[in-house]
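Spelled out from the first residue to the last, the chains are:
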Amino acid sequence: MAAENEKTRLDDAARAGWLYFIAGHTQDEIAKMLQVSRASAQRLVSLCLAERLITFRLEHPIAACMELAARLKERFELTHCEVVPADSAAPQATAGIAERCANLLDSTLRSETPVIVALGTGRAVRAAVERVTPIDRPNHQIVSLVGNISADGSASFYDTVGRLADRTGARHYPMPLPFLMSSEDERNKMVRIEPIAKVKAVAAKADLRLVGIGQMDQKAQVHVDGFVTRDELFEMMRQGAIGEITGWAYDSKGRLLKAGTNRRLTSIPPEVPAKTTTIGAAVGAAKVPAIAAALNGQLINGLVTDEATARAILER
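Since the model is a prediction, treat every value here as computed from it, not as a measurement. (Residues numbered from 1 in each chain as written. Predicted model: local features only at pLDDT ≥ 70, side-chain atom pairs only at ≥ 80, totals over all residues. Heavy atoms only, no water.)

Trainee: When you look at the layout of surface pockets in this model, what are you seeing that I'm missing?
Mentor: Rolled over the atoms, a probe sized like a water molecule indicates the empty space that remains. Of the pockets and cavities examined, the largest pocket occupies roughly 1100 Å³. Lining the largest pocket we find 31 residues, and of these Met 33, Leu 34, Gln 35, His 80 and Glu 82 sit closest to its centre. Looking at the lining of the largest pocket, the elements with two or more residues in it are helix H1 (2–22), helix H2 (27–34), helix H3 (38–50), helix H4 (62–76), strand E1 (80–84) and helix H5 (95–109). Broken down by element, the lining of the largest pocket gets its largest block of residues, five residues, from H5. The residue inventory of the lining of the largest pocket, partitioned by class, reads 14 nonpolar, nine polar and eight charged. Counted as a void, the second largest pocket has a volume near 750 Å³. Lining the second largest pocket are 27 residues, with Lys 7, Thr 8, Ala 95, Glu 99 and Arg 131 sitting closest to its centre. Broken down by secondary-structure element, the contributors of at least two residues to the lining of the second largest pocket are H1 and H5. For the lining of the second largest pocket, the per-class residue count stands at 11 nonpolar, five polar and 11 charged. (1 Å grid on protein atoms, 1.4 Å probe; cavity = no way out; pocket = protein on both sides within 12 Å on 5 of 7 lines; lining within 4 Å. Points joined across faces, edges and corners; volume = space filled by probe spheres on them. Helix = DSSP H or I, 4+ residues; strand = E, 2+ residues; numbered from the N terminus. Nonpolar A, V, L, I, M, F, W, Y, C, P; charged D, E, K, R; others polar.)

What follows is the structure, encoded as structure tokens:
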């Protein structure tokens, strides 16, 4: 734990040093960006110097990551972007992005003013929730964006709403529906019943949405986790599906499909374009087309990924 705290402290110092000495921001601006006090921002800049993380250039791997984040933010007009160092030994590992997403959740949940956090599912989102610092915030609300019951009636292991509520004491609103209904008509009836309508109303007022981004291929998580059958997956692929967010499949231009499983899906659809702060969390070469399409289609306006994935997106 001490080693993890020291790493986080140096990472924050490196970020502050890059923003101050390379990007040219003032300490007041840095405090706002890092969501700390001005005094804390000043201490982080001083620590960056004291630890010799910066000489004529920032001597820390986070520097290259911040440059990539700045390029992604500019190209796709993002409100938030973070890039973490890639793990060459485990290129699909989510630990790095989970830590940054947990930091984002922490900073949001520290607010004394009531906030609403809406969550998708998936490994990265679940891992982020597990890293959130326990805090007592009973006035906050945590809401699910996705139905979490699979075709066999089992709940998703990667459901996140209840777990985050446990760590914060916040009121939580799960989506107690099957991921897919048997028909479009049945879906339309179910999402209009009063308890589900109330969940949707809470989600519509969310201050932050955190979602995973999935690829649509034979290793698609919605299929691996049992939410769609092989035939349903292949049907969506034939329709041009390249990625999915909370189950909503979209094509290479980031356009939500109006066919297949999207017609029976109970999840709350993405805003197009995203207006609420909507952060996509994903890594890996297999997900690059899906992430790029989500960015181009403005299904998300924020991204947390790793260095290798960021480079691949920028090279497309």
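Trainee: Would you mind showing me how to read the side chain of Ser 144 here?
Mentor: Structurally, Ser 144 is set in strand E3 (residues 141–144). Judged by relative accessible area, Ser 144 falls into the buried class, the value being 2%. In this structure Ser 144 touches Leu 119, Val 161, Tyr 173, Pro 174, Met 175, Val 199 and Ile 268, once residues within four positions along its chain are discounted. (Buried < 20%, exposed > 50% of the residue type's maximum accessible area, 1.4 Å probe, protein only. Contact = heavy atoms within 4.5 Å.)

Trainee: Is there a simple way to explain the pattern of salt bridges in this structure?
Mentor: Pairing between side chains of opposite charge can happen when their charged atoms approach one another. Overall, the coordinates contain 14 salt bridges when judged by the stated rule. Ionic pairing is found between Glu 232 and Arg 264, a salt bridge with its closest N-O pair at 2.8 Å. Of this pair, Glu 232 sits in helix H11 (residues 230–238) while Arg 264 sits in the loop between strand E8 (248–250) and strand E9 (277–281), and the two are 32 residues apart along the sequence. The pair Glu 232 / Arg 264 is uniform in exposure class, with both members buried. Among the ionic pairs, Arg 311 bridges to Glu 307, the shortest N-O distance being 3.1 Å. One end of the pair is Arg 311 and the other is Glu 307, both in helix H13 (residues 307–314) and four residues apart, which spans about a single turn. Among the charged side chains, a salt-bridge network with shared partners connects Arg 15, Glu 82, Glu 99 and Arg 100. (Salt bridge = Lys/Arg side-chain N within 4 Å of Asp/Glu carboxyl O.)

Trainee: Explain the sheet that holds strand E7 (residues 243–245) here, please?
Mentor: Where strands meet in a sheet, backbone hydrogen bonds hold them as pairs that are either parallel or antiparallel. With antiparallel pairing, three strands are arranged side by side in an open sheet as E6-E7-E8. Two strands in the sheet have a free side with no partner beyond their single neighbour: strand E6 (214–215) and E8. The sheet contact formed by E6 and E7 spans two bridges and is antiparallel. Its bridge partner being in E7, Gly 214 is matched across the sheet by Glu 244. The sheet contacts of helix H12 (residues 288–296) involve E6, E7 and E8, and relative to E8 the element is tilted by about 90°. (Pairing = 2+ DSSP bridges. Axes fitted to C-alpha atoms, helices over the stretch in contact; angles between N-to-C directions.)

Function-wise, these values are silent; they only describe arrangement.
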